[in-house]
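One-letter residues, chain by chain:
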Amino acid sequence: MASGKKKRKTEEENREFNQDWRESFAFICNTYGLPTSLICHEKLAHNKKSNLERHFTTKHAQFTGKCPTGDARKKAVEEFQKTITVKLPAK
């Protein structure tokens, strides 16, 4: 039985990348607007905090142990960001 409800589309939710996620979860927003992990370079489909947090805690648990919040994490994220910008081809 089909219900009369429309399905929500994530494109219609107008989700934007939050810059605080860069330091918290080591993610940046790529040129297509998708969140990209600075550690493993994996792209996620949507700008949702829960998705980024789940990826970070399940796949990069060692990073949290090595670099807890604060200056150490900020410095590590900046180093990751430098390496990813070097790998991207210049336009």
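Because the structure is predicted, anything quoted here is derived from the model rather than measured.

Moving on: the environment of Glu53. Mapping Glu53 onto the fold places it in helix α2 (residues 49-59). Its relative accessible area of 36% is what places Glu53 among the partly exposed residues. In the structure, Glu53 is positioned 28 residues away from Phe25 in sequence and 6.4 Å away in space, judged by C-alpha atoms.

As a further point, take the pattern of salt bridges. Enumeration according to the criterion identifies two salt bridges in this entry. One salt bridge connects Lys59 with Glu42, and the closest N-O pair in it is separated by 3.1 Å. Here the residue Lys59 occupies a position in helix α2, and Glu42 occupies one in the loop between β2 (35-37) and α2, the gap between them amounting to 17 residues. Note that Glu79 is salt-bridged to Lys82, the shortest N-O span being 3.7 Å.

Moving on, we get to the environment of Gly33. Looking at the element boundaries, Gly33 is found in the loop between β1 (27-29) and β2. Sequence-wise, Gly33 and Ala45 are 12 residues apart; in three dimensions their C-alpha atoms are separated by 9.5 Å.

Let us now look at the nonpolar core. Nonpolar side chains tend to gather and get buried jointly when the protein is soluble and globular. Ranked by size, the top nonpolar core spans 15 residues in total, and within it Phe25, Phe27, Leu52 and Phe63 carry the most contacts. Only α1 (20-25), β1, α2 and α4 (71-87) provide two or more residues apiece to this core. Residue contacts for Phe25: discarding those within four places in its chain leaves Lys49, Leu52, Glu53 and Phe56.

Here we take up the packing of aromatic side chains. Enumeration according to the criterion identifies four aromatic pairs in this entry. Their ring planes at 80° and their centres at 5.9 Å tell us that Phe56 and Phe63 sit as a pair that is edge-to-face. Since its relative accessible area comes to 4%, Phe56 is described here as buried.

Mapped onto the elements, Glu23 comes out in helix α1. Placed 54 residues apart in sequence, Glu23 and Val77 show a C-alpha to C-alpha distance of 6.4 Å. With residues near it in sequence (within four places) discarded, Glu23 still touches Gly70, Arg73, Lys74 and Val77.

All right, on to the side chain of Asn47 then. Looking at the element boundaries, Asn47 is found in the loop between β2 and α2. A polar atom in the side chain of Asn47 sits 3.2 Å from the backbone oxygen of Gly33.

Definitions and cut-offs
- Residues numbered from 1 in each chain as written.
- Predicted model: local features only at pLDDT ≥ 70, side-chain atom pairs only at ≥ 80, totals over all residues.
- Heavy atoms only, no water.
- Helix = DSSP H or I, 4+ residues; strand = E, 2+ residues; numbered from the N terminus.
- Buried < 20%, exposed > 50% of the residue type's maximum accessible area, 1.4 Å probe, protein only.
- Salt bridge = Lys/Arg side-chain N within 4 Å of Asp/Glu carboxyl O.
- Core = buried A, V, L, I, M, F, W, Y, C linked by side-chain atoms within 4.5 Å.
- Contact = heavy atoms within 4.5 Å.
- Phe/Tyr/Trp six-rings, centres within 6.5 Å; stacked < 30°, edge-to-face > 60°.
- Polar contact = N/O pair within 3.5 Å; in protein donor to acceptor, adjacent residues only side chain to side chain.

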